[in-house]
Amino acid sequence: MRTTSENITVNTPLALAEKACKAIMDTYTPDQLPPANSFHYHQGVFLYGMLRVWEATGDQQYFDYMKGYIDSLIDEEGNLYFARDELDSVQAGILLFPLYEQTKDRRYLVAAKKLRHLLYSINQTTEGGFWHKDKYPYQMWLDGLFMAAPFMLMYNEHFVEEELVLNVVRQEKLMRAHMKDKNTGLLFHAWDEKKAQPWADKETGCSPEFWGRSVGWYGTALVDILELINGSRGQEEMEQSLKDLVPAITKFQDEETGLWYQIVDKGDLDDNWLESSCSSLFIYFIAKAIKLGLVDDSYQQVVNKAYDGLIEHMVDVQEDVANLKGICIGTSAGVYDYYVDRPTSENDLHGMGAFILASMALHDIKAK
């Protein structure tokens, strides 16, 4: 087994992904990943990035770390504690399938079945759209597509439940129908069917802003869905959605730094600020769209500029680790002042996971 240090002397995207992994691994044991003792997307997005690093390198330490996190939360019968009223609980379930495929330990499939049952009970809009959480009644958030859809498709691959595939298509279609802005081509963060929330537009029900990370979750979900889905199940509209989203997001790339703003379309406002997790997610889905042949190679310039901007402005690269700053902490739906007043942190798993995914997507297209 090779060691990480043998491969990170040159700061390629793969090397930087490994250094980012090491920064977290040096700070937390798997069971301590924050929030500790929680089966949640915070850990899930970071470990999803680590999974990509393991797939590219074959370095067992990454697989073992991911397995250590899951095993700290699942008992010998496959029992798993998780919040049963929110889509955020589902996302980390994507780790269960590669663990099962490598180990053939059925505990992981038992746990996956428990997560699948959350989708039976989660509340829905009148059109069948998943509420993001029970405490957010009749609200769909862009985040939710990333939290649930890849798991649903992976579950279908193992248990052959076609309705899950059709439901993924339905969820995306509802988001696009209610949340896409015709002028910019971007999607608003949230939609309230009842138009009851203080942030909800009285005519459309949408929240008023294009929050960077939520748009990033949506684009990331789209490209992952298109990579996972097999056959013709109505994903042609999703392909067009991704083709439309890439130039729409590129339009708002900061000319000087190559990065994107917390509120994507308002970079001209003095209190808006460049944000690293959304910039990373945009790199990820644009690079994967290039790889899948959904957009042309000219967008390579966009992701290269953005990645260079991350390294120059947001990443502290040291000999063995890479630390990421400018990460918006966990955020609900709201109005402009709410978003721009959110604190930032360093090495928050939202951002580290997104940065690792961006690095691996860029590695993939550079290696073509």
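I will try to describe carefully the structure that is included in this document. All values derive from a computational prediction rather than experimental measurement.

**Things to note about the overall build of the protein**
Inference 1: A count of helices and strands for the protein gives 13 helices and six strands.
Inference 2: The C-alpha atoms of the protein give 19 Å as radius of gyration, which agrees with the globular expectation for 368 residues (21 Å, within 12%).
Inference 3: Counting only C-alpha atoms, the protein reaches 60 × 50 × 40 Å along its principal axes.
Inference 4: Burial analysis of the protein (368 residues in total) assigns 60% to the buried set.
Inference 5: Contacts in the protein between residues far apart in sequence, at least 24 positions, make up 69% of those at least 6 positions apart.
Inference 6: For the protein, the computed accessible surface area is about 14300 Å², with 46% contributed by carbon and sulfur atoms.
Inference 7: Of the side chains in the protein, 34 bear a positive and 56 a negative charge, and the two mean positions are spaced by 5 Å.

**Focus on the pattern of salt bridges**
Inference 1: Applying the stated criterion to the full structure yields 17 salt bridges.
Inference 2: The shortest N-O distance in the salt bridge between Lys288 and Glu227 comes to 2.5 Å. Taken as a pair, Lys288 in helix H10 (residues 276-291) and Glu227 in helix H8 (residues 212-228) lie far apart in primary sequence, 61 residues in all.
Inference 3: Overall, Lys288 belongs to the buried group, its relative accessible area being 7%.
Inference 4: Through salt bridges that share partners, Arg52, Glu55, Asp224, Glu227 and Lys288 make up one connected network.

**Here we look at unusual backbone geometry**
Inference 1: Cis peptide bonds are those with omega within 30 degrees of zero, and the linkage from Pro34 to Pro35 qualifies with -10°.
Inference 2: In this structure, Pro35 sits in the loop between helix H1 (13-25) and helix H2 (41-57).
Inference 3: Phi angles above zero are rare outside glycine, and Asn37 is one such case at about 60°.
Inference 4: Tracing the sequence through the fold places Asn37 in the loop between H1 and H2.
Inference 5: The residue Val160 is not glycine, and still its phi comes out positive at about 50°.
Inference 6: Mapped onto the secondary structure, Val160 falls in the loop between helix H6 (143-159) and helix H7 (162-179).

**Regarding the packing of aromatic side chains**
Inference 1: A full pass over the atoms with the stated rule returns 14 aromatic pairs.
Inference 2: Judged by centre distance (5.8 Å) and plane angle (70°), the ring pair of Phe282 and Phe285 falls under edge-to-face. Of this pair, Phe282 and Phe285 both sit in helix H10, three residues apart, roughly one helical turn.
Inference 3: With a relative accessible area of 0%, Phe282 lands in the buried category.
Inference 4: Classification of Phe285 by relative accessible area gives buried; the value is 0%.
Inference 5: Three or more aromatic residues joined by ring pairs make a cluster, and in this case those are Phe97, Phe151, Tyr155 and Phe159.
Inference 6: The residue whose ring lies beneath Arg107 is Tyr108, and the NZ or CZ to ring-centre distance is 5.1 Å.
Inference 7: The ring centre of Tyr138 lies 4.6 Å from the NZ or CZ of Lys194, which sits over that ring.

**Some remarks on the side chain of Thr250**
Inference 1: Within the secondary structure layout, Thr250 lies in helix H9 (residues 236-250).
Inference 2: On the basis of relative accessible area, Thr250 is assigned to the buried category, the value being 19%.
Inference 3: When sequence neighbours within four positions are dropped, the list of residues in contact with Thr250 reads Trp260, Ile286, Tyr299 and Val302.

**Considerations on the packing of helix H3 (residues 60-71) against helix H4 (residues 96-103)**
Inference 1: Remark: H3 packs on H4, axes separated minimally by 11 Å, with the N-to-C direction vectors making an angle of 115°. On the basis of the axis angle, H3 is roughly perpendicular to H4. Along this stretch, H3 crosses H4, giving a crossing that reads as left-handed. The segment H3 lies against H4, with Phe63, Met66, Lys67 and Ile70 engaging Leu96, Pro98, Leu99, Gln102 and Thr103.
Inference 2: Its residues placed into classes, the contact of H3 with H4 shows six nonpolar, two polar and one charged.

**With respect to the environment of Leu228**
Inference 1: Note that Leu228 resides in helix H8.
Inference 2: Put simply, Leu228 and Met154 are 74 residues apart on the chain and 7.6 Å apart in space, counted from C-alpha to C-alpha.
Inference 3: Residue contacts for Leu228: discarding those within four places in its chain leaves Pro150, Leu153, Met154 and Glu157.

**Re H8**
Inference 1: Taking 1.5 Å as the rise per residue, H8 with 17 residues should run 24 Å; its terminal C-alpha atoms sit 24 Å apart, in good agreement.
Inference 2: Counting buried residues along H8, 15 of its 17 residues qualify, which places the element largely inside the surrounding structure.

**Considering the environment of Ala148**
Inference 1: Looking at the secondary structure, you find Ala148 in helix H6.
Inference 2: Its relative accessible area of 2% is what places Ala148 among the buried residues.
Inference 3: The spacing of Ala148 and Phe130 is 18 residues in sequence and 9.6 Å in space, taken between C-alpha atoms.
Inference 4: Residue contacts for Ala148: discarding those within four places in its chain leaves Leu87 and Val90.

Rules of the game
- Residues numbered from 1 in each chain as written.
- Predicted model: local features only at pLDDT ≥ 70, side-chain atom pairs only at ≥ 80, totals over all residues.
- Heavy atoms only, no water.
- Helix = DSSP H or I, 4+ residues; strand = E, 2+ residues; numbered from the N terminus.
- Rg over C-alpha atoms; globule rule 2.2 N^0.38 Å.
- Buried < 20%, exposed > 50% of the residue type's maximum accessible area, 1.4 Å probe, protein only.
- Contact = heavy atoms within 4.5 Å.
- Areas by Shrake-Rupley, 256 points an atom, 1.4 Å probe, with all protein chains shown as cover.
- Lys, Arg positive; Asp, Glu negative; His and termini not counted.
- Charge placed at Lys NZ, Arg CZ, Asp CG, Glu CD.
- Salt bridge = Lys/Arg side-chain N within 4 Å of Asp/Glu carboxyl O.
- Phe/Tyr/Trp six-rings, centres within 6.5 Å; stacked < 30°, edge-to-face > 60°.
- Lys NZ or Arg CZ within 6 Å of the ring centre and 35° of its normal.
- Axes fitted to C-alpha atoms, helices over the stretch in contact; angles between N-to-C directions.
- Parallel < 35°, antiparallel > 145°, perpendicular 65-115°, else oblique.
- Left-handed = near helix turned anticlockwise from the far one by under 90°.
- Nonpolar A, V, L, I, M, F, W, Y, C, P; charged D, E, K, R; others polar.
- Expected span 1.5 Å × (residues − 1).

The values are spatial; any link to function lies outside them.
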